[in-house]
Amino acid sequence: MNKTHVKRAGTAEKILAYAVLAVLSFLCLFFFYILIVNSTRSHADLQKGFSWLPGNYFFENLKNVANDGSFPMFKGILNSLIVSSSSAALCTYFSALTAYGLYAYNFKLKKFAFTFIMAILVMPTQVTAMGFLRLITNMGLYDTLWPLIIPSIASPSIFYFMYSYLKSSLPLSLVEAARIDGSGEFMTFNRIVLPIMKPAIAVQAIFSFVGSWNNYFVPALIIQSKDKMTVPILIATLRGADYMNFDQGKIYMMITVAIVPIIIVYLLLSKYIIAGITLGGVKE
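The model shown is predicted, which means the values in this text are computed figures rather than measured ones.

Each value, and the rule that gives it
Residues numbered from 1 in each chain as written. Predicted model: local features only at pLDDT ≥ 70, side-chain atom pairs only at ≥ 80, totals over all residues. Heavy atoms only, no water. Axes fitted to C-alpha atoms, helices over the stretch in contact; angles between N-to-C directions. Helix = DSSP H or I, 4+ residues; strand = E, 2+ residues; numbered from the N terminus. Parallel < 35°, antiparallel > 145°, perpendicular 65-115°, else oblique. Left-handed = near helix turned anticlockwise from the far one by under 90°. Contact = heavy atoms within 4.5 Å. Nonpolar A, V, L, I, M, F, W, Y, C, P; charged D, E, K, R; others polar. Patch = residues over 30% accessible without salt bridge, like charges linked within 9 Å, V, L, I, M, F, W, Y side chains within 5 Å. Areas by Shrake-Rupley, 256 points an atom, 1.4 Å probe, with all protein chains shown as cover. Salt bridge = Lys/Arg side-chain N within 4 Å of Asp/Glu carboxyl O. Buried < 20%, exposed > 50% of the residue type's maximum accessible area, 1.4 Å probe, protein only. UniProt positions renumbered as here; feature names shortened; annotations may be inferred. Core = buried A, V, L, I, M, F, W, Y, C linked by side-chain atoms within 4.5 Å. Expected span 1.5 Å × (residues − 1). Lys, Arg positive; Asp, Glu negative; His and termini not counted.

A. The packing of helix α4 (residues 73–104) against helix α10 (residues 185–196), seen in detail. Relative orientation of the contacting elements α4 and α10 amounts to 110 degrees, with a least axis distance of 11 Å. Between α4 and α10, the crossing angle belongs to the class labelled roughly perpendicular. Judged by the sense of rotation from one axis to the other, the crossing of α4 with α10 is right-handed. In this structure, α4 contributes Tyr93, Ala96, Leu97 and Tyr100 to the contact, and α10 contributes Glu185, Phe186, Thr188, Phe189, Asn190, Val193 and Leu194. Here the residues of the contact of α4 with α10 are counted per class, giving eight nonpolar, two polar and one charged.

Below you can see the structure in the form of structure tokens.
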């Protein structure tokens, strides 16, 4: 009887778990489904109210988005791809390099450097916004994409993840063996340490890419020209559209097109999130 009760309890727990997962999946995917459905409907159809069924205006709305000279969505997607890809590459490499330096070397200010980096982590971006704006203006970088890319080199949160990963995955004896064999420090880092950190780098590259893609505050502070705007700024300008003149179908299509790259990144690289976190938590 006890075994029967235990088996029934286990089955009930599985059913409950699957039910909860099904509800959560529905809540996560519901809004994407509605967005895609609305992007296939005309402005007149959207005015009639909610519908579960797709319309027949997908390609018409897509053509309107592509031909809208006042709203360069595809140029904005290209700008966001440049900024997000460059930021992810710089951020992960230099954060890993900084973490390796603090982990593999012993020097007097090691604890101070680590504490200083962690102190920057809790500092809001808005606190330094005006000073940052004045700095890039004096450097002649205002209304360019460079201020959105170069500062990503310094990322305390990603540094801390990389540092924790190195502590759990990289034995210092391996570094010492490479030094004895005559390997230079950068060669050791690039050929030995980086391959070991691939899962962590992949995970943080995804998070960095998504964070840079969704960043609105800094680009809105710096970018003024429409041909240099990123996707979040362009989407935000939709709020200022004339309610009597704007096309809702086109707007839904703009938002749908804007999220396609980020969905593709997730689908292609999401497996590294679990793999990276799992491997980062195992110490052999």
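Picking up after the structure, the text goes on.
B. Main features of a nonpolar patch on the surface. There is a patch of nonpolar side chains on the surface, built from Leu16, Tyr18, Val20, Leu21, Val23, Leu24, Phe26, Leu27, Tyr33, Phe50, Trp52 and Leu53 and spanning about 1,300 Å² of accessible area. Along the chain, the position of leucine 21 falls in helix α1 (residues 2–39).

C. Summary view of unusual backbone geometry. With phi around 65 degrees, aspartate 143 is a residue other than glycine that occupies positive phi space. For aspartate 143, the location among the structural elements is in the loop between α6 (129–138) and α7 (146–149). Classification of aspartate 143 by relative accessible area gives buried; the value is 13%.

D. Inspection of the pattern of salt bridges at higher detail. In total, this model carries four salt bridges according to the counting rule given. A salt bridge links glutamate 60 to lysine 63; the shortest N-O distance between them is 3.8 Å. One end of the pair, glutamate 60, and the other, lysine 63, are both in helix α3 (residues 58–66), three residues apart, so they sit about a helical turn from each other. A salt bridge links arginine 179 to glutamate 176, with the shortest nitrogen-to-oxygen separation between them at 3.2 Å. Note that arginine 179 and glutamate 176 are positioned in helix α9 (residues 172–180) at a spacing of three residues, about one turn of the helix. Where salt bridges share partners, they join Glu176, Arg179 and Glu185 into one cluster.

E. Spotlight on the UniProt feature "transmembrane region" (unreviewed entry) in the protein. Following the UniProt record, one finds the feature "transmembrane region" (unreviewed entry) at residues 15–36, 81–105, 112–133, 145–163, 201–223 and 251–269. This span, residues 81–105, is 96% helix and 0% strand, and a straight line between its end C-alpha atoms measures 36 Å. Helix makes up 100% of residues 251–269 and strand 0%, whereas the separation of the span's terminal C-alpha atoms amounts to 28 Å.

F. A look at the nonpolar core. Core analysis: the biggest nonpolar cluster contains 28 residues, and Met73, Ile77, Leu148, Phe209, Trp213, Ile222 and Ile223 have the highest contact counts within it. Take this core: its biggest share by element is six residues, from helix α14 (residues 248–269). Those residues in contact with isoleucine 223 that sit more than four places away from it in its chain are Asp143, Thr144, Leu145, Leu148, Lys228, Met229 and Ile233. Membership of the second largest hydrophobic core comes to 23 residues, among which are Cys91, Ala99, Met118 and Tyr165.

G. Molecular detail of α14. Compared with the 32 Å implied by 1.5 Å per residue over 22 residues, the 32 Å span of α14 between its first and last C-alpha is a close match. Among the residues making up α14, those that are buried are Gln248, Gly249, Lys250, Ile251, Met253, Met254, Thr256, Val257, Ala258, Pro261, Ile262 and Val265.

H. Just the side chain of lysine 110, in detail. Tracing the backbone shows lysine 110 in helix α5 (residues 110–121). The charged side chain of lysine 110 is buried without a salt bridge, its nearest counter-charge being glutamate 176 at 11 Å. Leaving out residues up to four positions away in the same chain, lysine 110 has contacts with Leu102, Tyr103, Tyr105 and Tyr163.

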